[in-house]
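# Results of the structural survey
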Amino acid sequence: MPFNVVDHELFVSLKETADDLIDGITEAIFDEGFNLKHEPKYNEMITEPLSRNRNAMLSKLYEMANLDRKA
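Residues numbered from 1 in each chain as written. Predicted model: local features only at pLDDT ≥ 70, side-chain atom pairs only at ≥ 80, totals over all residues. Heavy atoms only, no water.

## Looking at the overall build of the protein chain
Here is the rule: Helix and strand definitions follow DSSP, with helices as H or I runs of at least four residues and strands as E runs of at least two, each counted in order from the N terminus. We compute the radius of gyration over the C-alpha atoms and compare it with the globule rule, which gives 2.2 Å times the number of residues raised to the power 0.38. By definition, residues are in contact when any of their heavy atoms lie within 4.5 Å. Shrake-Rupley sampling with a 1.4 Å probe provides the accessible areas, and residues are treated as covered by the protein chains on show and by no other component. Charge counting treats Lys and Arg as positive and Asp and Glu as negative, with His and both chain ends excluded. For the purpose of locating charges, the reference atoms are NZ of Lys, CZ of Arg, CG of Asp and CD of Glu.
Helix and strand content of the protein chain: two helices and zero strands. For 71 residues, the compact-globule formula gives about 11 Å, and the C-alpha radius of gyration of the protein chain, at 16 Å, lies well above that figure. Principal axes of the C-alpha set define a box for the protein chain whose edges measure 50 × 30 × 10 Å. If you take every contact in the protein chain between residues at least 6 apart in sequence, the share linking residues at least 24 apart comes to 48%. Accessible surface, the protein chain: about 6,000 Å² in total, of which carbon and sulfur atoms supply 57%. In the protein chain, the 8 positive side-chain charges and the 14 negative ones have mean positions that sit 6 Å from each other.

Rendered as structure tokens:
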């Protein structure tokens, strides 16, 4: 059953952002070359991508909210 969404373009954009984040974190977790117990590496591979993606998603939502106000 497909999702009913108000703005399909926004939905696709947010979904792609989330998918990329999940793929990156999954790769970092299962790649034995990354020592995630080392805090700087954990921050680089997990914390920073989470923060960047959260900001990107919020920016897209605020942009949409601002477009709605102008309309």
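## Quick notes on the nonpolar core
To be explicit about the condition: Side-chain atoms within 4.5 Å are what join buried Ala, Val, Leu, Ile, Met, Phe, Trp, Tyr and Cys residues into a set we call a nonpolar core. Partly exposed describes any residue whose relative accessible area lies between the buried limit of under 20% and the exposed limit of over 50%, with all areas from a 1.4 Å probe on protein chains only and scaled to the type maximum.
In this structure, Leu 21, Ile 25, Ala 28, Met 45 and Ile 46 together form the largest nonpolar core, which totals five residues. When contributions to this core are tallied by element, the ones reaching two or more residues are helix H1 (8–30) and helix H2 (39–70). Broken down by element, the residue count for this core peaks at three residues, all from H1. Contact partners of Met 45, with chain neighbours within four places excluded, come to Ile 25, Ala 28, Phe 34 and Leu 36.

## Description of the pattern of salt bridges
Counted only if it meets this: By definition here, a salt bridge exists when the distance from a side-chain nitrogen of Lys or Arg to a carboxyl oxygen of Asp or Glu is within 4 Å.
The final tally for this structure, using the stated rule, is two salt bridges. A salt bridge links Lys 15 to Asp 19, with the nearest nitrogen and oxygen atoms 3.0 Å apart. Note that Lys 15 and Asp 19 are positioned in helix H1 at a spacing of four residues, about one turn of the helix.

## Details of the environment of Ser 59
With respect to the helices and strands, Ser 59 occurs in helix H2. Each C-alpha atom of the pair Ser 59 and Phe 30 lies 30 Å from the other, and the pair is 29 residues apart in sequence.

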